[in-house]
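Here's the letter readout for the chains.
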Amino acid sequence: MKVKYIVALLLFLVFIQGFIIASVKSRTIDELTFHLNSGYGYLTTGRWEIGINNPPLTATLAAFPLLFVKDKSQINFNRGTQSDYIQGKVDHLPKKLLVISRIIPLIFMTLLGYIVLLWARDLYGIKAGLLALFLYSFSPNMLAFGSLVTADIGGALFIFWAMYAFWKYIHNPTKRNLAIAGIIFGLAQVAKLLAVFLIPTFILYVVLVYFFKEFKTNFFISIDNNNLRKASDLFLSLLAVFIIGLLILNITYLFKGVFIPLGKYNKEEFTSSTFKNLYENKLLKWIPVPLPKQYVLGHDLAQWQAKDEVRGFFFFGKVAERFKSYYIGHVLIKTPIALFILIILGLLYFRRLTLSELYMTIFVLLILFNLTFFSRLLIGYRHILSIYPIMFLFSSRILKNGIPKNKIIIAVIALSSIWYIASSLLVLPHHLAYFNEFIGGPRNGYKYTIDSNLDWEQDLDLVKNYIKESKESFLVDPGCQPVTGKLLIPANSLQFQKWVCYQWLKQNFEPVGNIGYSWLVYDVKGLWTQTENGYAFIKA
């Protein structure tokens, strides 16, 4: 089979799997209230006001089809409570319109798969490219978030694409490649706030290039001294990328509030201690900021969430304000073990990292280090989704020199690939609830984590159908008072929102089933009696 047909097939499988997920899953917590509401509001009013801690790109594009809906009464972004949704008491955006809006992230996800193929091919050859695309095509993490209207898949796409475009320019410094690198860098900034980590990544990469790689352009200043010219070319290249990116950023925000010094903001507009301190700085507060006001305030809100907000989180069976192992822990339990095997195999087989691989490693380390040690916001490992395409590249390096001659290596690659695809297909369409065999698979996920890692209210339609098709009656999320009978309880409620309330249940019963792995089914049989120490259970 020709390579182009294999590529087309794998990309088709990416899209079709994502479409199945998008069609089955109900609205998640953020999709309507924040993302689509923000995007639709921006398209109709020109004001970016809701959910400003996410830039406009994905939300605006996803909301664009809603402009053509004739019956505007259908444009309702109220998500309601879970109980009201299940009982059909809430008016919300019709499912068919939600699925249409999800086409944009599906396209982003498919395009990202193609970029993964291109970079792996450029690094290691076409066989490695196909392996990287294969791993991407059945990635539970990419499929889960590539099917939802959030900033995550758009951020992953444009961050990874920006890294590839800048790498490609460094290896082939033409005006065209420079312009592309700048444009994609700019799109990354309006896709996800975490794209700011591209700035130190590019700078550190340029430093490495200066010392360890040949680089020369023919369209910047001509200087006789080779070292000085190299430094000049690299600096001007970096500056050009940042300026083009800044232009794209300002165009997206319609140049609103550009070049306003922080000192002319209303102090009450800032929520984070970081930006309040900048506001109070007598020197910095009067420097014109070449960024849109809502973009600046978006970073302010993100800083407040990361450093100042005090709230609890559930992780590995405990509730606390902070877990430094949160992101690393989620990578370990939410990533297929077969992918780890291929990465380790590639590192053992080719032990020396290239300059290009150091470049990618820098980005991964910057993201993980900053979120681990400088962020209190632990609402989902999706914030590090952009490291996964890099993991696919590192997995594919085992085919760097083509198919290995060692039969044991070939067998490990083959078995790992089979294990990988099986673990993904077996969980379809519940990829958001994927967990690997380290913790016993998705059935045990609720014991370790919740929120957008497992229960983002994505299974409400499945719960409705489960109740409708069953001949039994159910109590939905009953709460603190001990009861008997069949119970349906979401993981978020069980492990966090009603953590104390449900001790009576967790101490006496185990789930007898689940719905999409995010809702637990309990069958409570027996009697409860109240004692001086609380409720005691008497088995039937």
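Anything mentioned here points back to the structure above.
Owing to the predicted nature of the structure, the values given are computational and were not obtained by experimental measurement.

A.B. asks: If you had to explain the overall build of the protein chain to someone new, which residues and values would you point to?
C.D. replies: Counting secondary structure elements, the protein chain contains 22 helices and 8 strands. Taking 540 residues into account, the globule formula puts the C-alpha radius of gyration at 24 Å, and the protein chain, at 25 Å, falls close to it. Going through the 540 residues of the protein chain one by one, you find that 55% of them count as buried. Roughly 23,800 Å² of accessible area belongs to the protein chain as shown, and the carbon and sulfur atoms make up 62% of that amount.

A.B. asks: Requested: an account of unusual backbone geometry, with residues and values cited.
C.D. replies: Geometrically, the link from Leu428 to Pro429 is a cis peptide bond, its omega value of 5 degrees lying close to zero. In this fold, Pro429 is placed in the loop between helix H19 (407–425) and helix H20 (460–469). Notably, Phe259 is not glycine yet its phi reads approximately 65 degrees, a positive angle. Backbone geometry places Glu457, a non-glycine residue, at a positive phi of 65 degrees. In this fold, Glu457 is placed in the loop between H19 and H20.

A.B. asks: Give me the state of the cysteines: which residues, what numbers.
C.D. replies: In a disulfide, the sulfur atoms of two cysteines are covalently bonded to one another. Within this structure, the stated rule accounts for 1 disulfide. Disulfide pairing is shown between Cys480 and Cys501; the S-S distance is 1.7 Å. With Cys480 in the loop between strand E3 (475–476) and strand E4 (485–490) and Cys501 in the loop between helix H21 (491–497) and helix H22 (503–506), the pair connects residues that are 21 residues apart, well separated along the chain. Residue classification places Cys480 among the partly exposed residues on the basis of a relative accessible area of 43%.

A.B. asks: Describe the pairing of E4, and please don't skip the residues or the numbers.
C.D. replies: With respect to burial, E4 is a largely interior element, 5 of its 6 residues being buried. Bridge analysis of E4 against strand E6 (residues 519–524) gives 6 bridges, and the strand direction is antiparallel. Its bridge partner being in E6, Leu488 is matched across the sheet by Val521.

A.B. asks: Summarise the side chain of Asn453; cite the residues concerned and give the values.
C.D. replies: Mapped onto the elements of the fold, Asn453 is located in the loop between H19 and H20. Judged by its relative accessible area of 0%, Asn453 is buried. Of note is the side chain of Asn453, whose polar atom sits 2.9 Å from the backbone nitrogen of Tyr381. Only 2.9 Å separates the side chain of Asn453 from the side chain of Thr449, close enough to count as a polar contact. Leaving out residues up to four positions away in the same chain, Asn453 has contacts with Tyr326, His330, Lys334, Gly380, Tyr381, Leu432, Ala433 and Phe435.

A.B. asks: Provide a residue-level description of the packing of aromatic side chains, including the pertinent values.
C.D. replies: In this description, a pair of aromatic rings is defined by centroid distance and the angle of the planes. Summed over the entire model, instances satisfying the criterion amount to 42 aromatic pairs. Measuring from centroid to centroid gives 5.2 Å for Trp119 and Phe160, while their planes differ by 55 degrees, and the two rings are tilted. Here Trp119 is found in helix H6 (residues 103–124), whereas its partner Phe160 is found in helix H9 (residues 151–171), with 41 residues between them in sequence. In terms of burial, Trp119 and Phe160 fall into one category: buried. Here Tyr136 and Phe392 contribute two aromatic rings whose centre-to-centre distance is 5.9 Å and whose plane-to-plane angle is 85 degrees, an arrangement assigned as edge-to-face. Here the residue Tyr136 occupies a position in helix H7 (residues 126–137), and Phe392 occupies one in helix H18 (residues 388–396), the gap between them amounting to 256 residues. An aromatic cluster is defined as three or more aromatic residues linked by ring pairs; in this entry it consists of Trp119, Phe160, Tyr164, Phe166, Trp167, Phe185, Phe202, Tyr205, Phe242 and Tyr359.

A.B. asks: Talk me through helix H12 (residues 226–252); I want residue IDs and the actual numbers.
C.D. replies: Helix length check: H12 (27 residues) gives 39 Å between terminal C-alpha atoms against 39 Å at 1.5 Å per residue, within 8%. Between the side-chain oxygen of the N-cap and the backbone nitrogen of Asn227 there are 3.0 Å, and the N-cap of H12 in question is Asn225. Leu254 lies just past H12 and shows a positive phi near 60 degrees.

A.B. asks: I'd love a proper account of the pattern of salt bridges, names of residues and values included.
C.D. replies: Counted under the stated rule, the structure contains 18 salt bridges. Of the charged contacts, one joins Glu49 and Arg47 as a salt bridge, the two residues approaching to 3.2 Å between their closest N and O atoms. Overall, the relative accessible area of 53% leaves Glu49 in the exposed class. Since its relative accessible area comes to 45%, Arg47 is described here as partly exposed. One salt bridge connects Glu321 with Arg376, and the closest N-O pair in it is separated by 3.3 Å. One end of the pair, Glu321, is in the loop between strand E2 (318–320) and helix H15 (326–334); the other, Arg376, is in the loop between helix H17 (355–374) and H18, and 55 residues separate them in sequence. Taken together, the shared-partner salt bridges connect Asp30, Asp152, Lys192 and Arg382 into one network.

A.B. asks: Could you give me a rundown of the sheet that holds E6, with the residues and numbers involved?
C.D. replies: Read across the open sheet, the 4 strands follow the order E3-E4-E6-E5; overall the sheet is mixed. The open sheet has two edge strands with one neighbour each: E3 and strand E5 (513–515).

A.B. asks: I'd like a rundown of the environment of Ser38, residues and numbers included.
C.D. replies: Here Ser38 lies in helix H2 (residues 31–45). Not counting chain neighbours up to four residues away, the residues in contact with Ser38 comprise Trp48, Ile50 and Gly51.

A.B. asks: Tell me what's going on with the environment of Phe270, and back it up with residues and numbers.
C.D. replies: Relative to the assigned elements, Phe270 resides in the loop between H12 and helix H13 (273–280). Judged by its relative accessible area of 2%, Phe270 is buried. Each C-alpha atom, one on Phe270 and one on Glu469, is 50 Å from the other, the two residues being 199 residues apart in sequence. Here Phe270 is in contact with Leu262, Tyr265, Phe275, Lys276, Tyr279, Leu297 and Asp300, once residues within four sequence places are set aside.

What counts, and at which threshold
Throughout this document, residue positions are counted from 1 along each chain, in the order its sequence is written. Predicted model: local features are reported for residues with pLDDT of at least 70 only, side-chain atom pairs are reported and counted for 80 or more only, and whole-chain, interface and lining totals are derived from all residues. Only hydrogens and water are set aside; all other atoms, that is, all heavy atoms of the structure, feed into the side-chain values. Numbering goes from the N terminus for both helices and strands, where a helix is a DSSP run of H or I of at least four residues and a strand is a run of E of at least two. Here the radius of gyration uses the C-alpha set of atoms, whereas the globule reference equals 2.2 Å times the residue count to the power 0.38. Using a 1.4 Å probe on the protein chains alone, a residue whose accessible area is under 20% of its type maximum counts as buried, one over 50% counts as exposed, and one in between counts as partly exposed. The protein chains shown are the only cover counted for residues, whose accessible areas, like all others here, come from Shrake-Rupley with a 1.4 Å probe. What counts as a disulfide here is a pair of cysteine sulfur atoms lying within 2.5 Å. Two strands make a pair as long as DSSP finds a minimum of two bridges between them. Throughout this description, a polar contact denotes any pair of N or O atoms lying within 3.5 Å of each other; where both atoms belong to protein, one of them has to be capable of donating a hydrogen while the other can accept it, and for residues adjacent in sequence the pair is counted only when both atoms sit in side chains. A contact between two residues is defined here by any heavy atoms of the two lying within 4.5 Å. Aromatic pairing here means that ring centres of Phe, Tyr or Trp (its six-membered ring) are within 6.5 Å. Orientation follows from the plane angle: under 30 degrees is stacked, over 60 is edge-to-face, and everything else is tilted. Expected span, for any helix, means 1.5 Å times one less than how many residues it has. A carboxyl oxygen of Asp or Glu within 4 Å of a side-chain nitrogen of Lys or Arg is what we treat as a salt bridge.

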